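Chain by chain, the residues:
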Amino acid sequence: MSDCIFCKIANKEIPSNVVYEDEKILVFHDLSPVAPQHVLIIPKVHIESMNELTEESASVVAHIFTKVKEVAKQLGIDGSGYRIVSNCGSEGGQTVGHLHFHLAGGRQMQWPPG
Ligand code: AMP
Ligand code: ZN
């Protein structure tokens, strides 16, 4: 999608601090980290949110989840633990309309989330 900021990051039209990349996904540091380690995992293909996920496009989400432990290890938080969050829609707190998963760690997480 031409005016999507995360599509532009995936296409390298906007720079990002990349942690991991393959043909399907990109992982980069969040611009406003909420934890000592905070990255965003995105599919390179534009999917608006969890609401638009289909049986066909769901395989990229499975791919993302198989890579999480590698990324967590790279960030040094695989042993201490981490949290994965995907905000969906307005009340879910989604501010960027391109499906993404926050991977955050490096501090004690609280529950319930805000
Ligand atoms: P959400 O609010 O769940 O939609 O998450 C969007 C996240 O994208 C926020 O945590 C922002 O800090 C982050 N963000 C927005 N623009 C950029 C950018 N250009 N590079 C890195 N992270 C960004
Ligand atoms: Zn997009």
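Every value quoted in this text rests on a predicted model; they were computed, and no experiment measured them.

Draft legend 1. Examining the sheet that holds strand β2 (residues 25-29) more closely. Spatially, the 5 strands line up as an open sheet ordered β1-β2-β3-β5-β4, and their pairing is antiparallel. At either margin of the open sheet sits one strand with a lone partner, and together these are β1 (18-21) and β4 (82-85). Direction aside, the axes of adjacent strands within the sheet are offset by 20° on average. In the sheet, β1 pairs with β2 via 3 bridges, with the strands oriented antiparallel. Residue pairing for β2: tyrosine 20 is matched across the bridge by valine 27. Here helix α2 (residues 58-75) sits on the sheet and contacts β1, β2, β3 (37-43), β4 and β5 (101-105); the angle it forms with β3, its principal contact strand, is near 155°.

Draft legend 2. Fine view of the layout of surface pockets. A volume near 700 Å³ is recorded for the largest pocket. If you go around the largest pocket, you meet 31 residues; those closest to its centre are Asp30, Val34, His38, Leu40 and His102. Listed by contribution, the elements that provide at least two residues to the lining of the largest pocket are α1 (5-10), β2, β3, β4 and β5. Grouping the amino acids of the lining of the largest pocket by side-chain chemistry returns 15 nonpolar, 13 polar and 3 charged.

Draft legend 3. Fine view of the pattern of salt bridges. Scanning the entire structure with this criterion turns up 3 salt bridges. Across the salt bridge formed by lysine 12 and glutamate 21, the nearest N and O atoms sit 2.9 Å from each other. By relative accessible area, which is 34% here, glutamate 21 ends up partly exposed. Here glutamate 21 ties to lysine 44 by a salt bridge, and the two come within 2.7 Å at their closest N and O atoms. In this pair, glutamate 21 is assigned in strand β1 and lysine 44 in the loop between β3 and α2, connecting sequence segments 23 residues apart. Using a relative accessible area of 26% as the deciding quantity, one classes lysine 44 as partly exposed.

Draft legend 4. How the structure looks around the packing of aromatic side chains. Under the criterion given, the structure shown has 2 aromatic pairs. Between phenylalanine 65 and phenylalanine 101, the ring centres sit 5.3 Å apart and the planes meet at 85°, which makes this aromatic pair edge-to-face. Of this pair, phenylalanine 65 sits in helix α2 while phenylalanine 101 sits in strand β5, placing them 36 residues apart in sequence.

What counts, and at which threshold
Residues numbered from 1 in each chain as written. Chains lettered and ligands numbered in written order. Predicted model: local features only at pLDDT ≥ 70, side-chain atom pairs only at ≥ 80, totals over all residues. Heavy atoms only, no water. Pairing = 2+ DSSP bridges. Helix = DSSP H or I, 4+ residues; strand = E, 2+ residues; numbered from the N terminus. Axes fitted to C-alpha atoms, helices over the stretch in contact; angles between N-to-C directions. Contact = heavy atoms within 4.5 Å. 1 Å grid on protein atoms, 1.4 Å probe; cavity = no way out; pocket = protein on both sides within 12 Å on 5 of 7 lines; lining within 4 Å. Points joined across faces, edges and corners; volume = space filled by probe spheres on them. Nonpolar A, V, L, I, M, F, W, Y, C, P; charged D, E, K, R; others polar. Salt bridge = Lys/Arg side-chain N within 4 Å of Asp/Glu carboxyl O. Buried < 20%, exposed > 50% of the residue type's maximum accessible area, 1.4 Å probe, protein only. Phe/Tyr/Trp six-rings, centres within 6.5 Å; stacked < 30°, edge-to-face > 60°.

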